[in-house]
Amino acid sequence: MSSTWMTTRAWLLMLPLLVVMVAVIGWPLVDTVGLSFTDAKLVGTGGDFVGLDNYSNMLSSSNFSRTLVTTTLFAVISVAAEMVIGVLAALLLNQEFRGRAILRALMILPWALPTVVNATLWRLIYNPEYGALNAALTQLHLIDAYRSWLGEPGTALAALIVADCWKNFPLVALIALAALQAVPRDITAASLVDGAGPFNRFRFVILPYLAGPLMVALVLRTIEAFKVFDIIWVMTRGGPANTTRTLSILVYQEAFSFQRAGSGASLALIVTLLVTLLAVAYAALVRKTAGSAA
Amino acid sequence: MERRSPAFTVFIYACALLLAAIILAPIAWLFIMSISPAADLAAKPLRWWPQAADFSRYRQLLSTAENSAGAAFTSSLRNSLEISGMATLAALALAIPAGWAVSRTPAIGWSLSMVIATYMLPPVALAVPLYMGLSHLGLLNNVFGLALVYLTILAPFTTWLMRSGFDSIPREIEAAAMIDGAGLFQTLRIITLPLAAPVMATSALFAVLLAWDEFFYALLFTSDQRAKTLTVAIADLAGGRVSDYGLIATAGVLAALPPVLIGLVMQRALISGLTSGGVKG
């Protein structure tokens, strides 16, 4: 069979997917780019060409810079915490103890819980009048009076991060555990004979096996955390006083609450650009990690 | 395995208990809220264990009496089932041929890479044109419209899973069948697709989980019982003026049940899918 025919056949099989992807992703993306240069409203027709006005207005607004800081804080803290707790949990699950299989099976639960259900659950836990957190802390005499964890600017973002971590650290743990189980037993045994302490053993024997898979988990989690919408919308809608407003929430408000489609589009593209830059930087890092681990 | 000191063994068990408590406590509390009488949930100090289990909220939510909380909930349950089912079938129909083509003809692999790179796009970057497009086609607040939009998420992911699935089936098996006189489609039907059945099942499960979980597009593109999904219905309950928190918890338990059962039963397949993703990127 000729290779041209093979290639043509492959393209034909690929075609339905590509057509649908162009229709639901490619065309909307191009349209968003077009909209971002206009002052179009969500309803009604057209809108006038305004050049780069949307971009310059957006980039110079204090809303944007505040929201960028909030998003970065959310992404960096929650992903870092998920990585650390996830690896610790994986190291534990890699030990032998009774009930290990059950505990490992339980790890799938937070991951399988729908994001909106997770957000709702934590919203109930944090409830200022009847929430379990207030009840538990009061009964343990750690606080004197019930607090509004999601209603106070000082605690809302931290409360969201805890809820996000709880759902996502088990995934990191499962990925890290799979990598740990690929570490050959005789290598850890040999390092013991050579007198390596637990820390050096982790740093020089085990970490090289973890680095690759963890880097990928780190990339995927960071991109997701940067795009975060669901959990924040359900728990705080960006409040109180916009202290938990992330970039995706800001785009939603701009394009759909205030119906400024053009301005919202420009912000959406700025977010896309930031995520892409992040991904490219990470990809370089992954390649480097993979190279040094091999 | 190294010998462990008794102190270290105690430490391991203490950590295991702590981890189990962290994982289980919030989930257990969701369930306890769903069966606690409203008075217990509003009590101060809070009653952690209901005096009598009360399952009436489950009956209330699953009833289809008109204009009740149950009617809104059951219609959203049906919409979620329909939308995840349709979107999953459509995604697989696109992913299976495309995954096979890329697996057997690496020269076109770059096109799949481009499709997968769309994962970086925040949904907000597509939302306005999709909203206008659906509105133009009369597909706003419509289960077909939402299922179509879900392909933006489901199709790249399932194609990528199918590709790695086909990669693990040696092409020599296909070549042998063709030498024996089978045509291409016969070979695929008799040899390749049956071998790929487990990967198809895993891909379908992931697709169902993704669609079941989706919130952003559902929030934007649906407005009433004709198309609202479970995630939107629950967010409505949580953000609304419902005074009985147990009812919100019950809706959460019911919405979580299908994906949690899938997760527990299919855990081995799901974890290998996730970790192969973790290793291969």
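Residues numbered from 1 in each chain as written. Chains lettered and ligands numbered in written order. Predicted model: local features only at pLDDT ≥ 70, side-chain atom pairs only at ≥ 80, totals over all residues.

Colleague: I'm lost on the overall build of chain A in this one. Help?
Modeller: Of regular secondary structure, chain A possesses 13 helices and zero strands. With the C-alpha coordinates of chain A rotated into their principal frame, the extents come out at 75 × 75 × 30 Å. Taking the contacts inside chain A whose residues are at least 6 apart along the sequence as the reference set, 71% of them involve residues at least 24 apart. (Helix = DSSP H or I, 4+ residues; strand = E, 2+ residues; numbered from the N terminus. Contact = placed C-beta atoms within 7 Å.)

Colleague: Even after reading the chapter, I still don't get the overall build of chain B, so can you show me in this structure?
Modeller: Across its full length, chain B carries 14 helices and zero strands. Starting at the N terminus and walking to the C terminus, you meet the elements of chain B as α-α-α-α-α-α-α-α-α-α-α-α-α-α. Since a compact globule built from 281 residues should have a radius of gyration of about 19 Å, the 24 Å found for chain B marks it as more spread out than a globular shape. Along the three orthogonal principal directions, the C-alpha set of chain B runs to about 75 × 70 × 35 Å. Relative to its 281 residues, chain B shows a buried fraction of 42%. (Rg over C-alpha atoms; globule rule 2.2 N^0.38 Å. Buried ≥ 20, exposed ≤ 12 C-beta atoms within 10 Å, placed from the backbone.)

Colleague: I would appreciate a short explanation of the packing of helix H4 (residues 69–104) of chain B against helix H7 (residues 143–167) of chain B in the present structure.
Modeller: Helices that pack against each other are described as a pair by the angle of their axes relative to one another and the distance between those axes. Residues and elements named next belong to chain B. The geometry of H4 relative to H7 is characterised by a closest axis approach of 6 Å and an angle of 40° between their N-to-C directions. The handedness of the crossing between H4 and H7 comes out as right-handed. Taken together, the residues of the contact of H4 with H7 sort by class into 21 nonpolar, seven polar and three charged. (Axes fitted to C-alpha atoms, helices over the stretch in contact; angles between N-to-C directions. Left-handed = near helix turned anticlockwise from the far one by under 90°. Nonpolar A, V, L, I, M, F, W, Y, C, P; charged D, E, K, R; others polar.)

Colleague: Could you clarify how one ought to interpret the nonpolar core in this entry?
Modeller: Nonpolar side chains in soluble globular proteins generally cluster together in the buried interior. Ala173 and Ala176 of chain A together with Ala87, Leu146, Tyr150, Leu151 and Ile234 of chain B are the most contacted members of the largest nonpolar core, which has 160 residues in total. Broken down by element, this core gets its largest block of residues, 17 residues, from helix H8 (residues 156–180) of chain A. Every residue in contact with Leu151 of chain B, bar those within four places of it in the chain, is listed here: Val20 and Val24 of chain A together with Ala87, Ala90 and Ala91 of chain B. (Core = buried A, V, L, I, M, F, W, Y, C linked by C-beta atoms within 7 Å.)

Colleague: Mind showing me how you'd approach unusual backbone geometry here?
Modeller: Residues apart from glycine generally show negative phi values, whereas peptide bonds are mostly found in trans. Cis rather than trans, the peptide bond between Gly239 of chain A and Pro240 of chain A has omega equal to -10°. Tracing the sequence through the fold places Pro240 of chain A in the loop between helix H11 (230–235) and helix H12 (247–257). A cis geometry characterises the amide bond from Lys44 of chain B onward to Pro45 of chain B, with omega recorded as -5°. Along the chain, Pro45 of chain B falls in the loop between helix H2 (38–42) and helix H3 (56–62). Of note in the backbone geometry, Asn242 of chain A takes a positive phi value of approximately 65° without being a glycine.

Colleague: Can you help me understand the interface of chain B and chain A in this one?
Modeller: Note: interface size is frequently given as the accessible area lost on complex formation between the parts. Taken together, the contact pairs 75 residues of chain B with 78 residues of chain A. A per-element tally of the side of chain B that touches chain A places helix H1 (residues 6–35) of chain B first, with 13 residues. When its residues are assigned to classes, the side of chain B that touches chain A shows 60 nonpolar, 12 polar and three charged.

Colleague: Sorry if this is basic, but what is going on with the environment of Leu219 of chain B here?
Modeller: Residue and element names in this part refer to chain B. Note on placement: Leu219 falls in helix H11 (residues 216–221). We classify Leu219 as buried; it has 23 C-beta atoms within 10 Å. Separated by 12 residues in the primary sequence, Leu219 and Thr231 have C-alpha atoms spaced 8.4 Å apart.

Colleague: Teacher, can you tell me more about the domain arrangement of chain B here?
Modeller: Residues and elements named next belong to chain B. By the assigned domains, chain B splits into domain 1 (1–54) and domain 2 (74–280). For domain 1 versus domain 2, the distance between C-alpha centres works out to 33 Å. In this assembly, seven residues from domain 1 lie in contact with seven residues from domain 2. When contributions to the side of domain 1 that touches domain 2 are tallied by element, the ones reaching two or more residues are H1 and H2. Looking at the side of domain 1 that touches domain 2, the element that brings in the most residues is H1, giving four residues. Class assignment for the residues of the side of domain 1 that touches domain 2 results in five nonpolar, two polar and no charged. (Domains from an automatic or database assignment.)

Colleague: What am I meant to see in the confidence of the model for chain B here?
Modeller: Close inspection of predicted coordinates is inappropriate in any region flagged by low pLDDT. Residues and elements named next belong to chain B. In the predicted model, chain B carries a mean pLDDT of 90, and the fraction of residues at 70 or more is 96%. Per-element mean pLDDT across chain B ranges from 63 in helix H14 (residues 267–280) up to 96 in H11. The ipTM assigned to the predicted complex is 0.92, against a pTM of 0.92. (pLDDT = per-residue confidence, 0-100.)

Colleague: Looking at this model, I keep getting lost on helix H12 (residues 230–239) of chain B. Mind explaining?
Modeller: The periodicity of an α-helix, 3.6 residues per turn, causes residues three or four places apart in sequence to face the same way. Among the 10 residues of H12 of chain B, eight are classified as buried, and the element is accordingly described as predominantly covered. Those residues of H12 of chain B not exposed but buried are Leu230, Thr231, Val232, Ala233, Ile234, Ala235, Leu237 and Ala238 of chain B. Buried residues belonging to H12 of chain B abut helix H6 (115–125) and H11 of chain A together with H4, H11 and helix H13 (245–265) of chain B.

Colleague: Hey, could you run me through the packing of H6 of chain A against H13 of chain B in this one?
Modeller: Direction vectors running N to C along H6 of chain A and H13 of chain B enclose 155°, while the axes themselves pass 10 Å from each other. As the angle between them shows, H6 of chain A and H13 of chain B are arranged roughly antiparallel. Note that H6 of chain A runs across H13 of chain B; the crossing there is left-handed. Where H6 of chain A abuts H13 of chain B, its residues Val117, Thr120, Leu121 and Leu124 of chain A lie against Tyr245, Ile248, Ala249, Gly252, Ala255 and Ala256 of chain B. (Parallel < 35°, antiparallel > 145°, perpendicular 65-115°, else oblique.)

Colleague: Please clarify how the environment of Ser84 of chain B should be interpreted in this entry.
Modeller: All names here are of chain B. With respect to the helices and strands, the residue Ser84 is situated in helix H4. Each C-alpha atom, one on Ser84 and one on Phe215, is 12 Å from the other, the two residues being 131 residues apart in sequence. Sequence-distant contacts of Ser84, defined by excluding residues within four places in its chain, comprise Val208, Ala211 and Trp212.

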